[in-house]
Every structure is written in C-alpha cells, then in structure tokens.
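Structural features, examined
Here's the letter readout for the chains.
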Amino acid sequence: MKRPVIGILTWREGKRFAEPAYFRRLIRAGQALGGTVFLFSPQDVSPSGRQVRGFVPDGRSWRARMFPRPDVVIDRYRYTPTAAFRQYVAFRRTNGFQYANNRLANKWNVHKVLWRDARMHRWLPEAMLYSHAHLRSMLARHSLLYLKPLNGTGGRGIVRLEKTAEGYRLLGRNKDRTKVSALIRRIPALLRWIDRWKSEKMIIQQGLRLDLVPKRSVDMRLLIQKDGNGRWSITGAGMRVGGEKSATANLHGGGKAVPAQAFLRARFGEQRAREIIRDCEQLAYQTAETIEQHFGRMIELGLDIGIDVDGRAWLIEVNPKPGREIFRELGTPQVYKEAIRKPIQYALHLARQQSGGERQAARAALQ
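Counting from 1, residues in each chain are numbered in the order their sequence is written. For a predicted model such as this one, the threshold for reporting local features is a pLDDT of at least 70, and the threshold for listing and counting side-chain atom pairs is 80 or more; totals across whole chains, interfaces and linings nevertheless cover every residue. Hydrogen atoms and water are omitted, and side-chain values are computed over all heavy atoms in the structure.

1. Some thoughts on the overall build of the protein chain
When helices and strands are tallied, the protein chain shows nine helices and 18 strands. Our radius of gyration is a C-alpha quantity, and the globule rule it is checked against amounts to 2.2 Å times the number of residues to the power 0.38. Whereas a compact globule of 367 residues would reach a radius of gyration of roughly 21 Å, the protein chain reaches 22 Å, a difference of no more than 12%. Seen through its principal axes, the protein chain has C-alpha atoms that stretch 75 × 50 × 45 Å. Should any heavy atoms of two residues lie within 4.5 Å, those residues are considered in contact. In the protein chain, the proportion of contacts linking residues at least 24 apart, taken out of those at least 6 apart, comes to 63%. Surface exposure here means Shrake-Rupley accessible area, sampled with a 1.4 Å probe, where a residue is shielded only by the protein chains that are shown. Of the accessible surface of the protein chain, which amounts to about 17600 Å², a share of 49% is contributed by carbon and sulfur atoms. Of the charged side chains in the protein chain, 67 are positive and 32 negative, and the gap between their average positions amounts to 5 Å. Working definition: helices are DSSP H or I runs of at least four residues, strands are E runs of at least two. Numbering for both runs from the N terminus. Only four residue types enter the tally: Lys and Arg on the positive side, Asp and Glu on the negative side, with His and both chain ends excluded. To locate a charge, take atom NZ for lysine, CZ for arginine, CG for aspartate or CD for glutamate.

Encoded structure:
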C-alpha cells in the first residue's frame, strides 16, 4: 500500500518559510507515522494539479523536488495584508484539493457565527464593529474595552482602552509589537487617536477584569485538536501572564506560561479550579462544534480564554492555525509532541478514508 501523501500549504519566499522550526518537526512526525509530507505554496502546483513542487528539510536548508498530488492538505497559510495572501485565497477556491481544515472568517464574522448559537452566549463578551457611534455606545456600558484588528495575530494592533477619572487610558502594541500608551482627556481627541492608529477595520470587545495577577493581563491558551480517529480532544492548556503594562498576555509580547491547574488552584482553591477547567473544556468542545457547523471541517483550534476575577470563563479569540510553543514553555515535552503529531494523525485518517472510498467505488464499478 502506498504511503499517504500530505501537503502542508504555507507562505514561502525562495526557501524562506513562515514557521520553519515547527514545519521541520511536523514533517519528521509525518515520516515517523508513515506518511510522505512536504511544504508547498500556491505557486508550486503544476497547471494540471497532478504534481507539486514540494520542500523537505535538508540540513539547515530546504530541498525541493516534485511530489504527486497530495491526498490531504493541511492549510497553515496565515493572514498577511499582501498580494500573496490574496493569491492564496483565490487558490483555495479553485484548486480542488482535499483539505484537513477550512478557512475561518475574520474576528467579527466569527463572533456573529458564535453568537447565533445560544449555547455560546454565556461565554461571549459583547462585541461590535468599530465606528465612532459604536465606540461611544460601548463606553457608555463598559469602562474597559479592547479594540482589535479584524485579521490581526500575535497581539499586534490591539489597544486596551480604559475609562478613568483622569480620562481615557490607552495601552497597545503596534505592528512591530512595540508598546504604545497614551492618556486622552476627551472623546473627540480619543476618536482621532484611534482613527490614526487603525490600519484596517476593527472590532470593539467588552473588556474583562482578567488581572488575576496585579497589573498584568492573564488568559488561558487551550488547544483542541482532532485525533487519528477524527474526534475532537483537548491536547492541553496553560495560563499566559502578560508582561508589565502589556495590553495582552501573548508569549510573543513578553508573556510567561504557567501551568493552568496550579495557577487557578492558587487563586481560587482546588474545588473551584476544577470547576473552572471543566467549564473551559465544555467551552472548547462547544466552540469546535459551532465553528464546524458553519465553516466546515477543522483540524485544530487554539482558544484564548479569559478567566475573570470571579472565576467566570470568557471566549476572547479563536485561532484556526494556532501555535503550540506554550507547551514547550511549560516544560511538558510530551504534550508538545502530541500537539505536533495530532494534525498529521488526522490528515492520515482522512487519507485512509479517501483511499477506502476509492476502493469501494472501484469494486462497485466491477460488479
């Protein structure tokens, strides 16, 4: 029986890739599990679609060679505001590959999809698309808000906005992840500041009191993935404690990873910590179900979950192409390895299903 062929779709420029260290581990895991795995970009597919110029590790570099059409494709092409990304979007619509994961919409459209499911309501903070009128309306109801680019990642472009007795305190990170802060006295000047800041459409999200550590943002990163049988399972979770005067808890922005159970137990006690984690797990399974019902098949989701000072869980963000470095930071190498193996295991599961279906069709044709 031939080895299943798994392609990993990603951005590349020459032999530069977006996530080289992760991709090396992913390819090694795929080979160990019995698959032929390679990286490719939209420009690497032949006009007929039957062959692909793929890349595999070669020492510290990458070696290109021709591969057959992949049985399954794992899409790791991340958003960038570039012509290359627009070409990728067009490619996804027309190439006809079998994908392990569909594309997800921007933050606003994801929020609307989740909100339409009443089972999600208790975990969703209020959100609106940014406009001057909507910002005034949200400030009338909430003293703390977050403004986020619709397509941003890694904490870039996010602004924390707090209404205080002195005025409006702003804390954020620009596209280079450099911290920016300001104190603005009046609404008209605040609106002008935000209009200068934003480079694309933004979402306004209800701010939450997530400072379980004084003066620091804290959230949970939970990774839920499909396994080798096609079932959702929670791989792991950890708390991220942001740096001082940081609007977010992202590890890229100086955040620190700490074990979820120990952190919550120290803050809320043993029994309440177990209840919070069960609630977060229920949130994860429900989010995966709701997302798939609308957007189609997914392979994994990284959920950013806020735990407020009362122990209530809130879904802050859904990432369909998550990192897994938090498990290395936590010193849990087995969980990290599992987080790398699961996407390959699920892709191999899909390839076997496809192969089985083809065999059944061939037998039916002979009868």
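2. Here's the deal with the pattern of salt bridges
In what follows, salt bridge is the name for a side-chain nitrogen of Lys or Arg lying within 4 Å of a carboxyl oxygen of Asp or Glu. In this structure the tally under the stated criterion is 26 salt bridges. A salt bridge links D44 to R12, with the nearest nitrogen and oxygen atoms 2.5 Å apart. A residue pair is termed long-range when its members are at least 10 positions apart, and D44 in the loop between β4 (36–40) and β5 (51–58) and R12 in strand β2 (residues 12–13) qualify at 32 residues. An identical accessibility class is assigned to D44 and R12; each is buried. Across the pair E325 and R328 runs a salt bridge, and its minimum N-O distance is 3.4 Å. Any residue under 20% of the maximum accessible area for its type is buried, any over 50% is exposed, and the rest in between are partly exposed; the area is computed with a 1.4 Å probe on protein chains only. Under the relative-accessibility criterion, E325 is labelled partly exposed at 36%. Through salt bridges with shared partners, one network takes in E19, R76, R78, E300 and R324.

3. Details of the nonpolar core
The term nonpolar core refers to a set of buried residues drawn from Ala, Val, Leu, Ile, Met, Phe, Trp, Tyr and Cys, joined through side-chain atoms within 4.5 Å. M239, L264, I305 and I307 are the most contacted members of the largest nonpolar core, which has 37 residues in total. Elements represented by at least two residues in this core include exactly α3 (107–115), β14 (218–226), β15 (232–241), α6 (260–268), α7 (270–295), β17 (300–307) and β18 (313–319). Sorting elements by how many residues they give to this core places α7 first, with nine residues. In this structure M239 touches V218, D219, M220, K256, A257, V258, P259, A260, F263, L264, I307 and I326, once residues within four positions along its chain are discounted. One finds I8, A29, L330 and I344 within the second-largest nonpolar core, a separate group that totals 30 residues.

4. What about the environment of P57?
Structurally, P57 is set in strand β5. Given a relative accessible area of 25%, P57 falls into the partly exposed group. Considered as a pair, P57 and R28 are 29 residues apart in the sequence and their alpha carbons are 9.0 Å apart. Apart from residues lying up to four places away in sequence, P57 is in contact with R24, I27 and W62.

5. Concerning the side chain of H349
Tracing the sequence through the fold places H349 in helix α9 (residues 333–366). Among the residues examined, H349 registers a relative accessible area of 14% and is labelled buried. Every residue in contact with H349, bar those within four places of it in the chain, is listed here: G228, N229 and G230.

6. A few points about helix α5 (residues 187–197)
Within α5, the full set of buried residues consists of I187, L190, L191, W193, I194 and W197. Seen end-on, α5 carries its buried residues on one side only, within an arc spanning 160°. Of the surrounding elements, those touching the buried residues of α5 are α4 (132–141), β9 (144–149), β10 (159–163), β11 (168–173), β12 (179–184) and β13 (202–206). By construction, the arc corresponds to the directions joining the helix axis to the C-beta atoms.

7. Details of the packing of aromatic side chains
The pairing test for Phe, Tyr and Trp rings, Trp by its six-membered ring, is centres within 6.5 Å, and the orientation test on the planes gives stacked under 30 degrees, edge-to-face over 60, and tilted for anything in between. The full count for this structure, using the stated rule, is 13 aromatic pairs. Taken together, a centroid distance of 5.8 Å and an interplanar angle of 40° make the contact between Y22 and F23 tilted. When sorted by exposure, Y22 lands in the same class as F23, which is buried. Ring geometry for F97 versus Y99: centroids 6.4 Å apart, planes at 70°, classification edge-to-face. According to the relative accessible area criterion, Y99 is buried, its value standing at 7%. Among the aromatic residues, those joined into a ring-pair cluster are F38, F40, F67, F91, F97 and Y99. Remark: a charge is flagged as sitting over a ring if the NZ atom of Lys or the CZ atom of Arg is within 6 Å of the ring centre and within 35 degrees of the ring normal. A cation sits over an aromatic face here: R92 above Y99, 3.6 Å from the ring centre.

8. Quick look at the pairing of strand β7 (residues 72–75)
Both faces of β7 are covered, namely the face carrying V72 and I74 and the face carrying V73 and D75. Being paired, for any two strands, means DSSP has found at least two bridges between them. Pairing of strand β1 (residues 5–9) with β7 involves four bridges; the strand directions are parallel. Pairing of I6 across the sheet is with V72, part of β7.

9. Some remarks on the sheet that holds strand β16 (residues 256–259)
Strands sit in the order β16-β15-β14-β17-β18 across an open sheet of five strands; the sheet is antiparallel. The strands lining the two open edges of the sheet, one partner per strand, are β16 and β18. The average angle at which neighbouring strand axes cross in this sheet is 35°, direction not considered. Two elements, β14 and β17, share six bridges in a ladder whose sense is antiparallel. Residue I224 lies in a different strand from β17, and its bridge partner there is L301. Comment: axis = line fitted to C-alpha atoms, over the contacting stretch for helices; angle = value between 0 and 180 degrees taken between N-to-C directions. Against the sheet, α7 engages β14, β15, β17 and β18, with an angle of about 135° to β17.

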